[in-house]
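Next come the chains, spelled out residue by residue.
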Amino acid sequence: MLFTKSNTATRLFNAAPDMSALVNDEMLKDSAFHPNLGGVTKGGMANHYPMTIMSLQGLGASDEDIRNFRSTWPRYRSKISDDLRLMDKGVITQENWPDYLGQANMLADFQRVFFEGLNATDDQNAYLMAVLERLQYALPMGLFHPLIRLSFAMMHGDKGLIADALAYWAIRYEDLYKRMLPPRTDLTTVSASAAENWALLHAAKPQISFWGGSLSVCERLCSEPVLHDIAVAENFFITEENLELKIQEIGDRAISLYLFEPALTTLHCVTAYQALADITQQMLQSGNSVRPVLAELWQRYWIWLTGLYLEKGFPETLPTIASEAQAYVDATEWQDIASGITSVPEVHAIKMVFSCKWLFENIEANPLYKAAAINVLAEHTRVKPVALN
(Lines give C-alpha, C1' and ligand atoms only; values in the text may rest on other atoms or scores of the structure.)
Protein backbone atom coordinates (compact mmCIF):
# COMPACT_ATOMS: atom_id res chain seq x y z
CA MET A 1 0.00 0.00 0.00
CA LEU A 2 0.95 3.65 -0.26
CA PHE A 3 0.73 5.80 2.85
CA THR A 4 0.39 9.51 3.57
CA LYS A 5 2.23 11.13 6.47
CA SER A 6 -0.78 10.53 8.68
CA ASN A 7 -0.76 6.85 7.72
CA THR A 8 -4.10 7.00 5.94
CA ALA A 9 -3.99 4.57 3.05
CA THR A 10 -4.18 6.35 -0.29
CA ARG A 11 -4.43 3.85 -3.11
CA LEU A 12 -5.52 4.66 -6.63
CA PHE A 13 -5.64 1.25 -8.30
CA ASN A 14 -6.07 0.77 -12.04
CA ALA A 15 -7.30 -2.73 -12.78
CA ALA A 16 -5.70 -4.35 -15.82
CA PRO A 17 -8.49 -4.89 -18.39
CA ASP A 18 -6.91 -8.08 -19.78
CA MET A 19 -6.76 -9.77 -16.37
CA SER A 20 -9.52 -11.35 -14.36
CA ALA A 21 -11.13 -9.58 -11.43
CA LEU A 22 -9.56 -12.20 -9.14
CA VAL A 23 -6.02 -11.46 -10.37
CA ASN A 24 -6.56 -7.71 -10.06
CA ASP A 25 -7.89 -8.14 -6.55
CA GLU A 26 -4.94 -10.34 -5.52
CA MET A 27 -2.44 -7.82 -6.88
CA LEU A 28 -4.15 -4.94 -5.08
CA LYS A 29 -4.26 -6.79 -1.77
CA ASP A 30 -0.62 -7.82 -2.04
CA SER A 31 0.45 -4.18 -1.90
CA ALA A 32 -0.33 -4.18 1.81
CA PHE A 33 2.37 -6.78 2.49
CA HIS A 34 6.09 -6.34 2.83
CA PRO A 35 7.90 -7.63 -0.28
CA ASN A 36 10.17 -9.96 1.72
CA LEU A 37 8.85 -13.20 3.16
CA GLY A 38 7.94 -12.99 6.81
CA GLY A 39 8.46 -9.24 6.85
CA VAL A 40 12.26 -9.45 6.78
CA THR A 41 13.29 -5.92 5.92
CA LYS A 42 16.88 -6.58 4.87
CA GLY A 43 18.04 -9.76 3.19
CA GLY A 44 15.94 -12.85 2.64
CA MET A 45 14.03 -13.86 -0.46
CA ALA A 46 11.30 -11.74 -2.01
CA ASN A 47 7.64 -12.57 -1.67
CA HIS A 48 6.95 -14.89 -4.58
CA TYR A 49 3.20 -14.72 -4.24
CA PRO A 50 2.33 -11.83 -6.61
CA MET A 51 4.88 -13.03 -9.17
CA THR A 52 3.31 -16.48 -9.20
CA ILE A 53 -0.20 -15.08 -9.55
CA MET A 54 0.93 -13.05 -12.55
CA SER A 55 2.80 -16.03 -14.01
CA LEU A 56 -0.30 -18.20 -13.69
CA GLN A 57 -2.35 -15.51 -15.39
CA GLY A 58 0.20 -15.29 -18.20
CA LEU A 59 0.12 -19.07 -18.65
CA GLY A 60 -3.64 -19.01 -19.12
CA ALA A 61 -4.60 -20.40 -15.73
CA SER A 62 -8.25 -20.23 -14.72
CA ASP A 63 -9.47 -18.46 -11.61
CA GLU A 64 -9.96 -21.93 -10.13
CA ASP A 65 -6.28 -22.73 -10.76
CA ILE A 66 -5.29 -19.50 -9.04
CA ARG A 67 -7.55 -20.19 -6.06
CA ASN A 68 -6.03 -23.68 -5.79
CA PHE A 69 -2.54 -22.19 -5.71
CA ARG A 70 -3.64 -19.61 -3.14
CA SER A 71 -4.91 -22.39 -0.89
CA THR A 72 -1.46 -24.04 -0.94
CA TRP A 73 0.48 -20.87 -0.09
CA PRO A 74 1.61 -21.46 3.52
CA ARG A 75 3.89 -18.48 4.06
CA TYR A 76 3.27 -15.86 6.68
CA ARG A 77 3.38 -12.39 5.17
CA SER A 78 3.81 -9.26 7.24
CA LYS A 79 1.69 -6.20 6.57
CA ILE A 80 3.76 -3.09 6.11
CA SER A 81 1.83 -0.93 8.57
CA ASP A 82 -0.19 -3.26 10.79
CA ASP A 83 2.57 -5.79 11.53
CA LEU A 84 5.83 -3.96 10.92
CA ARG A 85 4.68 -0.44 11.84
CA LEU A 86 6.53 1.02 8.87
CA MET A 87 5.09 4.47 8.24
CA ASP A 88 5.76 7.21 5.72
CA LYS A 89 8.03 9.60 7.61
CA GLY A 90 7.68 12.33 4.99
CA VAL A 91 11.46 12.60 4.80
CA ILE A 92 12.21 11.36 1.28
CA THR A 93 11.53 13.63 -1.69
CA GLN A 94 11.91 13.50 -5.45
CA GLU A 95 15.25 15.26 -5.06
CA ASN A 96 16.87 13.41 -2.17
CA TRP A 97 15.69 9.80 -2.58
CA PRO A 98 19.11 8.52 -3.75
CA ASP A 99 20.53 9.56 -0.37
CA TYR A 100 18.33 7.00 1.41
CA LEU A 101 18.98 3.95 -0.78
CA GLY A 102 19.46 0.74 1.16
CA GLN A 103 17.50 1.95 4.22
CA ALA A 104 14.84 -0.69 4.77
CA ASN A 105 12.83 1.36 7.28
CA MET A 106 12.09 3.94 4.56
CA LEU A 107 9.97 1.57 2.45
CA ALA A 108 6.75 3.59 2.81
CA ASP A 109 8.57 6.83 1.96
CA PHE A 110 9.99 5.26 -1.20
CA GLN A 111 6.54 3.97 -2.18
CA ARG A 112 5.07 7.44 -1.88
CA VAL A 113 7.90 9.20 -3.70
CA PHE A 114 7.87 6.85 -6.68
CA PHE A 115 4.08 6.84 -6.83
CA GLU A 116 4.03 10.63 -6.84
CA GLY A 117 6.77 10.71 -9.47
CA LEU A 118 4.89 8.34 -11.76
CA ASN A 119 1.67 10.34 -11.37
CA ALA A 120 3.37 13.67 -12.00
CA THR A 121 5.19 12.75 -15.19
CA ASP A 122 3.89 12.93 -18.75
CA ASP A 123 6.49 10.37 -19.83
CA GLN A 124 6.41 7.32 -17.55
CA ASN A 125 9.18 5.48 -19.38
CA ALA A 126 11.52 8.47 -19.15
CA TYR A 127 10.86 8.67 -15.40
CA LEU A 128 11.49 4.95 -14.99
CA MET A 129 14.72 5.16 -16.97
CA ALA A 130 15.97 7.97 -14.75
CA VAL A 131 15.23 5.88 -11.65
CA LEU A 132 16.74 2.70 -13.10
CA GLU A 133 19.89 4.51 -14.13
CA ARG A 134 20.50 5.14 -10.42
CA LEU A 135 19.32 1.71 -9.21
CA GLN A 136 21.26 -0.34 -11.78
CA TYR A 137 24.25 -0.87 -9.47
CA ALA A 138 22.01 -3.10 -7.33
CA LEU A 139 20.52 -4.96 -10.32
CA PRO A 140 21.25 -8.53 -9.07
CA MET A 141 20.22 -7.98 -5.44
CA GLY A 142 17.91 -10.63 -4.05
CA LEU A 143 18.50 -12.86 -7.09
CA PHE A 144 16.99 -10.10 -9.23
CA HIS A 145 13.61 -10.25 -7.47
CA PRO A 146 13.13 -6.46 -7.45
CA LEU A 147 13.75 -6.49 -11.21
CA ILE A 148 11.32 -9.37 -11.72
CA ARG A 149 8.71 -7.66 -9.55
CA LEU A 150 9.08 -4.49 -11.63
CA SER A 151 8.58 -6.43 -14.86
CA PHE A 152 5.32 -7.91 -13.61
CA ALA A 153 4.15 -4.55 -12.26
CA MET A 154 4.77 -2.96 -15.66
CA MET A 155 2.93 -5.83 -17.36
CA HIS A 156 -0.04 -5.11 -15.11
CA GLY A 157 0.23 -1.36 -15.60
CA ASP A 158 -0.91 -0.03 -12.22
CA LYS A 159 1.33 2.81 -11.08
CA GLY A 160 1.05 1.79 -7.44
CA LEU A 161 2.39 -1.68 -8.22
CA ILE A 162 5.25 -0.12 -10.19
CA ALA A 163 6.01 2.21 -7.28
CA ASP A 164 5.99 -0.75 -4.89
CA ALA A 165 8.53 -2.57 -7.07
CA LEU A 166 10.83 0.44 -7.30
CA ALA A 167 10.58 0.91 -3.53
CA TYR A 168 11.56 -2.71 -2.95
CA TRP A 169 14.56 -2.24 -5.25
CA ALA A 170 15.48 0.94 -3.34
CA ILE A 171 15.49 -0.69 0.11
CA ARG A 172 17.52 -3.63 -1.18
CA TYR A 173 20.05 -1.28 -2.77
CA GLU A 174 23.72 -2.10 -2.49
CA ASP A 175 26.35 -1.09 -5.02
CA LEU A 176 27.61 -4.50 -6.13
CA TYR A 177 29.79 -3.19 -8.96
CA LYS A 178 31.82 -0.56 -7.06
CA ARG A 179 32.86 1.37 -10.16
CA MET A 180 31.79 2.74 -13.48
CA LEU A 181 32.32 0.33 -16.34
CA PRO A 182 35.08 1.28 -18.77
CA PRO A 183 33.61 3.16 -21.75
CA ARG A 184 33.90 1.92 -25.30
CA THR A 185 36.32 4.03 -27.31
CA ASP A 186 36.56 2.21 -30.65
CA LEU A 187 32.98 1.89 -31.87
CA THR A 188 34.09 0.65 -35.31
CA THR A 189 35.13 -2.74 -33.96
CA VAL A 190 32.60 -5.56 -34.40
CA SER A 191 31.80 -7.29 -31.13
CA ALA A 192 32.50 -10.96 -30.63
CA SER A 193 29.50 -13.12 -29.79
CA ALA A 194 28.53 -14.00 -26.23
CA ALA A 195 29.51 -17.62 -26.91
CA GLU A 196 32.93 -16.52 -28.16
CA ASN A 197 33.40 -14.37 -25.07
CA TRP A 198 32.78 -17.36 -22.80
CA ALA A 199 35.10 -19.50 -24.93
CA LEU A 200 37.87 -17.01 -24.24
CA LEU A 201 37.04 -17.08 -20.53
CA HIS A 202 37.22 -20.88 -20.56
CA ALA A 203 40.61 -20.74 -22.27
CA ALA A 204 41.92 -18.25 -19.70
CA LYS A 205 40.78 -20.50 -16.84
CA PRO A 206 40.61 -17.78 -14.16
CA GLN A 207 40.35 -18.99 -10.59
CA ILE A 208 37.98 -17.74 -7.87
CA SER A 209 39.87 -16.76 -4.74
CA PHE A 210 36.88 -16.89 -2.40
CA TRP A 211 34.25 -19.52 -1.68
CA GLY A 212 30.72 -19.72 -0.40
CA GLY A 213 27.17 -20.12 -1.64
CA SER A 214 26.58 -19.59 -5.34
CA LEU A 215 24.48 -16.47 -4.72
CA SER A 216 27.03 -14.72 -2.51
CA VAL A 217 29.95 -15.65 -4.77
CA CYS A 218 28.20 -14.16 -7.79
CA GLU A 219 27.39 -10.95 -5.92
CA ARG A 220 31.03 -10.60 -4.85
CA LEU A 221 32.27 -11.29 -8.38
CA CYS A 222 30.23 -8.35 -9.69
CA SER A 223 32.81 -5.93 -8.25
CA GLU A 224 35.91 -7.74 -9.52
CA PRO A 225 37.71 -5.60 -12.12
CA VAL A 226 39.10 -8.78 -13.70
CA LEU A 227 35.58 -10.01 -14.33
CA HIS A 228 34.58 -6.61 -15.73
CA ASP A 229 37.51 -6.76 -18.14
CA ILE A 230 36.53 -10.29 -19.23
CA ALA A 231 32.77 -9.77 -19.47
CA VAL A 232 32.67 -6.28 -20.97
CA ALA A 233 35.91 -6.52 -22.89
CA GLU A 234 37.39 -5.03 -26.00
CA ASN A 235 36.26 -8.07 -27.98
CA PHE A 236 32.73 -8.23 -26.50
CA PHE A 237 30.59 -5.20 -25.77
CA ILE A 238 26.94 -4.19 -25.52
CA THR A 239 25.96 -0.85 -27.02
CA GLU A 240 22.77 0.92 -27.92
CA GLU A 241 23.39 -0.05 -31.56
CA ASN A 242 23.77 -3.83 -31.07
CA LEU A 243 21.37 -4.20 -28.16
CA GLU A 244 18.82 -6.55 -29.76
CA LEU A 245 21.50 -8.88 -31.13
CA LYS A 246 23.30 -9.08 -27.81
CA ILE A 247 20.07 -9.70 -25.91
CA GLN A 248 19.40 -12.73 -28.11
CA GLU A 249 22.97 -14.03 -27.69
CA ILE A 250 22.86 -13.55 -23.92
CA GLY A 251 19.57 -15.44 -23.72
CA ASP A 252 21.14 -18.46 -25.39
CA ARG A 253 23.93 -18.42 -22.79
CA ALA A 254 21.47 -18.07 -19.89
CA ILE A 255 19.21 -20.97 -20.86
CA SER A 256 22.20 -23.16 -21.76
CA LEU A 257 23.81 -22.54 -18.38
CA TYR A 258 20.54 -23.48 -16.66
CA LEU A 259 20.38 -26.74 -18.61
CA PHE A 260 24.01 -27.42 -17.70
CA GLU A 261 23.20 -27.17 -14.00
CA PRO A 262 19.55 -26.65 -12.98
CA ALA A 263 19.79 -24.79 -9.67
CA LEU A 264 18.30 -21.80 -7.88
CA THR A 265 20.87 -19.36 -9.27
CA THR A 266 20.75 -20.67 -12.84
CA LEU A 267 16.94 -20.66 -12.77
CA HIS A 268 17.00 -17.02 -11.74
CA CYS A 269 19.49 -16.19 -14.47
CA VAL A 270 16.68 -17.16 -16.89
CA THR A 271 13.78 -15.53 -15.05
CA ALA A 272 15.82 -12.34 -14.53
CA TYR A 273 16.85 -12.36 -18.18
CA GLN A 274 13.19 -12.59 -19.16
CA ALA A 275 12.24 -9.74 -16.83
CA LEU A 276 14.94 -7.46 -18.21
CA ALA A 277 14.00 -8.40 -21.78
CA ASP A 278 10.36 -7.56 -21.06
CA ILE A 279 11.26 -4.20 -19.50
CA THR A 280 13.54 -3.48 -22.46
CA GLN A 281 10.78 -4.16 -24.98
CA GLN A 282 8.35 -1.97 -23.09
CA MET A 283 10.89 0.85 -22.79
CA LEU A 284 11.86 0.75 -26.46
CA GLN A 285 8.29 1.67 -27.35
CA SER A 286 9.32 5.19 -26.26
CA GLY A 287 12.03 5.39 -28.91
CA ASN A 288 15.80 5.21 -29.04
CA SER A 289 16.52 7.73 -26.27
CA VAL A 290 16.27 4.92 -23.70
CA ARG A 291 18.92 2.75 -25.39
CA PRO A 292 22.03 4.03 -23.55
CA VAL A 293 20.64 3.20 -20.10
CA LEU A 294 19.26 -0.13 -21.32
CA ALA A 295 22.71 -1.03 -22.64
CA GLU A 296 24.17 -0.29 -19.19
CA LEU A 297 21.57 -2.49 -17.52
CA TRP A 298 22.40 -5.34 -19.90
CA GLN A 299 26.12 -4.89 -19.30
CA ARG A 300 25.55 -5.32 -15.59
CA TYR A 301 23.34 -8.37 -16.11
CA TRP A 302 26.02 -9.87 -18.36
CA ILE A 303 28.73 -9.31 -15.74
CA TRP A 304 26.65 -11.19 -13.17
CA LEU A 305 25.83 -13.98 -15.63
CA THR A 306 29.49 -14.33 -16.59
CA GLY A 307 30.33 -14.53 -12.89
CA LEU A 308 27.79 -17.34 -12.57
CA TYR A 309 29.40 -19.12 -15.55
CA LEU A 310 32.75 -18.77 -13.79
CA GLU A 311 31.30 -20.01 -10.50
CA LYS A 312 29.87 -23.07 -12.27
CA GLY A 313 33.33 -24.05 -13.46
CA PHE A 314 33.35 -22.27 -16.86
CA PRO A 315 32.46 -25.45 -18.82
CA GLU A 316 33.90 -25.73 -22.31
CA THR A 317 30.59 -26.87 -23.79
CA LEU A 318 26.99 -26.35 -22.75
CA PRO A 319 24.08 -28.75 -23.35
CA THR A 320 22.22 -29.16 -26.60
CA ILE A 321 19.08 -31.15 -27.33
CA ALA A 322 19.87 -34.75 -28.26
CA SER A 323 19.08 -35.43 -31.90
CA GLU A 324 16.60 -38.17 -31.00
CA ALA A 325 14.73 -35.75 -28.69
CA GLN A 326 14.32 -32.86 -31.14
CA ALA A 327 11.10 -34.23 -32.67
CA TYR A 328 9.64 -34.66 -29.18
CA VAL A 329 10.42 -31.04 -28.31
CA ASP A 330 9.00 -29.77 -31.61
CA ALA A 331 5.79 -31.77 -31.20
CA THR A 332 5.13 -30.65 -27.62
CA GLU A 333 2.67 -27.76 -27.52
CA TRP A 334 3.23 -24.81 -25.23
CA GLN A 335 -0.43 -24.95 -24.25
CA ASP A 336 0.09 -28.45 -22.83
CA ILE A 337 3.20 -27.39 -20.92
CA ALA A 338 1.40 -24.34 -19.52
CA SER A 339 -1.72 -26.22 -18.47
CA GLY A 340 0.43 -28.91 -16.84
CA ILE A 341 2.46 -26.52 -14.71
CA THR A 342 -0.55 -24.52 -13.46
CA SER A 343 -1.52 -27.43 -11.21
CA VAL A 344 1.98 -27.70 -9.70
CA PRO A 345 2.13 -25.76 -6.39
CA GLU A 346 5.79 -24.74 -6.77
CA VAL A 347 6.50 -21.07 -7.30
CA HIS A 348 9.85 -21.41 -9.04
CA ALA A 349 8.55 -24.05 -11.44
CA ILE A 350 5.58 -21.89 -12.44
CA LYS A 351 7.73 -18.79 -12.86
CA MET A 352 10.38 -20.64 -14.89
CA VAL A 353 7.86 -22.07 -17.34
CA PHE A 354 6.26 -18.64 -17.71
CA SER A 355 9.65 -17.10 -18.49
CA CYS A 356 10.60 -19.81 -20.99
CA LYS A 357 7.27 -19.51 -22.81
CA TRP A 358 7.49 -15.70 -22.91
CA LEU A 359 11.06 -15.80 -24.25
CA PHE A 360 10.18 -18.37 -26.90
CA GLU A 361 7.30 -16.21 -28.09
CA ASN A 362 8.85 -12.75 -27.71
CA ILE A 363 12.65 -13.02 -28.11
CA GLU A 364 13.56 -16.14 -30.08
CA ALA A 365 11.90 -19.50 -30.82
CA ASN A 366 14.92 -21.22 -29.32
CA PRO A 367 14.05 -24.90 -28.70
CA LEU A 368 16.20 -24.80 -25.55
CA TYR A 369 13.52 -22.65 -23.90
CA LYS A 370 10.89 -25.28 -24.62
CA ALA A 371 13.21 -28.11 -23.57
CA ALA A 372 13.88 -26.39 -20.25
CA ALA A 373 10.15 -25.88 -19.64
CA ILE A 374 9.43 -29.54 -20.41
CA ASN A 375 12.15 -30.64 -18.00
CA VAL A 376 10.79 -28.37 -15.26
CA LEU A 377 7.36 -29.94 -15.77
CA ALA A 378 8.94 -33.41 -15.77
CA GLU A 379 10.36 -32.77 -12.29
CA HIS A 380 6.82 -32.53 -10.91
CA THR A 381 4.70 -34.72 -13.21
CA ARG A 382 5.02 -37.86 -15.30
CA VAL A 383 5.96 -35.94 -18.43
CA LYS A 384 9.05 -37.39 -20.13
CA PRO A 385 12.12 -35.17 -19.79
CA VAL A 386 14.09 -34.01 -22.80
CA ALA A 387 17.35 -35.85 -23.43
CA LEU A 388 20.37 -33.55 -23.67
CA ASN A 389 23.85 -33.94 -25.05
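Residues numbered from 1 in each chain as written. Predicted model: local features only at pLDDT ≥ 70, side-chain atom pairs only at ≥ 80, totals over all residues. Heavy atoms only, no water.

Participant: Any details on the overall build of the chain? Residues and values, ideally.
Facilitator: If you tally the helices and strands in the chain, you get 17 helices and zero strands. With the principal axes as the frame, the chain shows a C-alpha extent of 60 × 50 × 40 Å. Sequence separation of 24 or more characterises 75% of the internal contacts of the chain that already satisfy a separation of 6 or more. Surface summary for the chain: the accessible area is close to 15,600 Å², and the carbon and sulfur share equals 52%. The centroid of the 31 positive side-chain charges in the chain is displaced by 6 Å from the centroid of its 45 negative side-chain charges. (Helix = DSSP H or I, 4+ residues; strand = E, 2+ residues; numbered from the N terminus. Contact = heavy atoms within 4.5 Å. Areas by Shrake-Rupley, 256 points an atom, 1.4 Å probe, with all protein chains shown as cover. Lys, Arg positive; Asp, Glu negative; His and termini not counted. Charge placed at Lys NZ, Arg CZ, Asp CG, Glu CD.)

Participant: Go over the layout of surface pockets with me, naming the residues and quoting the values.
Facilitator: Each pocket or cavity is described by its volume, and for the largest pocket that value is around 340 Å³. Every residue lining the largest pocket is counted, 16 residues in all, and those nearest its centre are P183, R184, I238, E296 and Q299. Here the second largest pocket is characterised by a volume of approximately 170 Å³. Every residue along the wall of the second largest pocket is listed here: D18, M19, M54, Q57, G58, M155, F354, K357, W358, E361 and N362. Of all the elements, helix 16 (residues 347–362) adds the most residues to the lining of the second largest pocket, at five residues. Partitioned by chemical class, the residues of the lining of the second largest pocket number five nonpolar, three polar and three charged. (1 Å grid on protein atoms, 1.4 Å probe; cavity = no way out; pocket = protein on both sides within 12 Å on 5 of 7 lines; lining within 4 Å. Points joined across faces, edges and corners; volume = space filled by probe spheres on them. Nonpolar A, V, L, I, M, F, W, Y, C, P; charged D, E, K, R; others polar.)

Participant: Talk me through the side chain of R300; I want residue IDs and the actual numbers.
Facilitator: Along the chain, the position of R300 falls in helix 13 (residues 291–311). One buried charged side chain, R300, makes no salt bridge at all; its nearest oppositely charged neighbour is E296, positioned 4.2 Å away. In this view, R300 contacts Q136, Y137, L139, Y177, R179, M180 and L181; residues no more than four positions away in its chain are not counted. (Buried < 20%, exposed > 50% of the residue type's maximum accessible area, 1.4 Å probe, protein only. Salt bridge = Lys/Arg side-chain N within 4 Å of Asp/Glu carboxyl O.)

Participant: Which residues make up empty space enclosed by the protein, and what are the values?
Facilitator: Evaluated as defined, the whole model comprises three cavities of 30 Å³ or more. A volume near 90 Å³ is recorded for the largest cavity. Around the largest cavity, the lining residues are M27, D30, P50, M51, R149, F152, A153, L161 and A165. Taken together, the elements giving at least two residues each to the lining of the largest cavity come down to helix 1 (21–30), helix 2 (49–58), helix 6 (145–156) and helix 7 (159–171).

Participant: Describe the environment of I171, and please don't skip the residues or the numbers.
Facilitator: In this structure, I171 sits in helix 7. Through-space distance from the C-alpha of I171 to that of N105 is 7.9 Å; in sequence the pair is 66 residues apart.

Participant: Before we move on, can you summarise the nonpolar core with the specific residues and values?
Facilitator: With 135 residues, the main nonpolar core has F110, F114, W298, Y301, W304 and L305 as its most contacted residues. A total of 13 residues in this core trace back to one element, the largest contributor, which is helix 13. (Core = buried A, V, L, I, M, F, W, Y, C linked by side-chain atoms within 4.5 Å.)

Participant: Which residues make up the packing of aromatic side chains, and what values go with them?
Facilitator: Given two aromatic rings, their pairing is described by the distance between the two centres and the angle made by the two planes. By the definition in use, this model includes 15 aromatic pairs. Centre to centre, the rings of W198 and Y309 are 4.1 Å apart; their planes meet at 5°, and the pair counts as stacked. In this pair, W198 sits in helix 8 (residues 194–204) while Y309 sits in helix 13, placing the two residues 111 residues apart along the sequence. Classification of W198 by relative accessible area gives buried; the value is 2%. Feature note: the residues F144, Y273, W298, Y301 and W304 constitute an aromatic cluster, connected by ring pairs. If you follow R300 out to its NZ or CZ, it ends over the ring of Y177, 5.5 Å from the centre. (Phe/Tyr/Trp six-rings, centres within 6.5 Å; stacked < 30°, edge-to-face > 60°. Lys NZ or Arg CZ within 6 Å of the ring centre and 35° of its normal.)

Participant: Describe helix 16, listing the residues and the values that go with them.
Facilitator: Between its first and last C-alpha atoms helix 16 spans 22 Å; for 16 residues at 1.5 Å apiece the expected length is 22 Å, and the two agree. Across the 16 residues that make up helix 16, a large majority, 14, are buried. (Expected span 1.5 Å × (residues − 1).)

Participant: Describe helix 9 (residues 214–221), naming the residues involved and giving the relevant values.
Facilitator: Taken residue by residue, helix 9 has S214, V217, C218, E219 and L221 as its buried positions. Tucked into the core, helix 9 has its buried residues touching helix 10 (225–231), helix 12 (264–284) and helix 13.

Participant: Describe the packing of helix 5 (residues 124–135) against helix 13, with residues and values.
Facilitator: How two helices sit against one another is set out by the angle between their axes and by the gap between those axes. Running from amino to carboxyl end, helix 5 crosses helix 13 at an angle of 35°, the nearest separation of the two axes being 10 Å. Where helix 5 crosses over helix 13, the handedness of that crossing is left-handed. For the pair helix 5 and helix 13, contact is made by M129, L132 and E133 and by V293, L294 and L297, respectively. Considering only residue class, the contact of helix 5 with helix 13 consists of five nonpolar, no polar and one charged. (Axes fitted to C-alpha atoms, helices over the stretch in contact; angles between N-to-C directions. Left-handed = near helix turned anticlockwise from the far one by under 90°.)

Participant: An account of the packing of helix 12 against helix 16 is needed here, citing residue identities and associated values.
Facilitator: Axis separation between helix 12 and helix 16 bottoms out at 9 Å; the angle between their running directions is 45°. Viewed along their axes, helix 12 and helix 16 adopt a mutual orientation that is oblique. You can see that helix 12 and helix 16 cross each other, and the crossing is left-handed. Mapping the contact onto sequence places L264, L267, H268, V270, T271, Y273, Q274, A277, D278 and Q281 in helix 12 and H348, K351, M352, F354, S355, C356, W358, L359 and N362 in helix 16. (Parallel < 35°, antiparallel > 145°, perpendicular 65-115°, else oblique.)

Participant: Talk me through the side chain of T265; I want residue IDs and the actual numbers.
Facilitator: Its place among the elements puts T265 in helix 12. Only 3.2 Å separates the side chain of T265 from the side chain of S214, close enough to count as a polar contact. Other than its neighbours up to four places away in sequence, T265 contacts L143, S214, L215, W304, L308 and K312. (Polar contact = N/O pair within 3.5 Å; in protein donor to acceptor, adjacent residues only side chain to side chain.)

Participant: Go over the state of the cysteines, please, and point to the residues and values.
Facilitator: Two cysteines joined by a covalent bond between their sulfur atoms form a disulfide. The tally for this structure, following the rule as stated, stands at zero disulfides. This cysteine, C222, is not joined by any disulfide, and C218 carries the nearest cysteine sulfur, 7.4 Å off. For the unlinked cysteine C356, the closest cysteine sulfur is that of C269, found at 10.0 Å. (Disulfide = S-S within 2.5 Å.)

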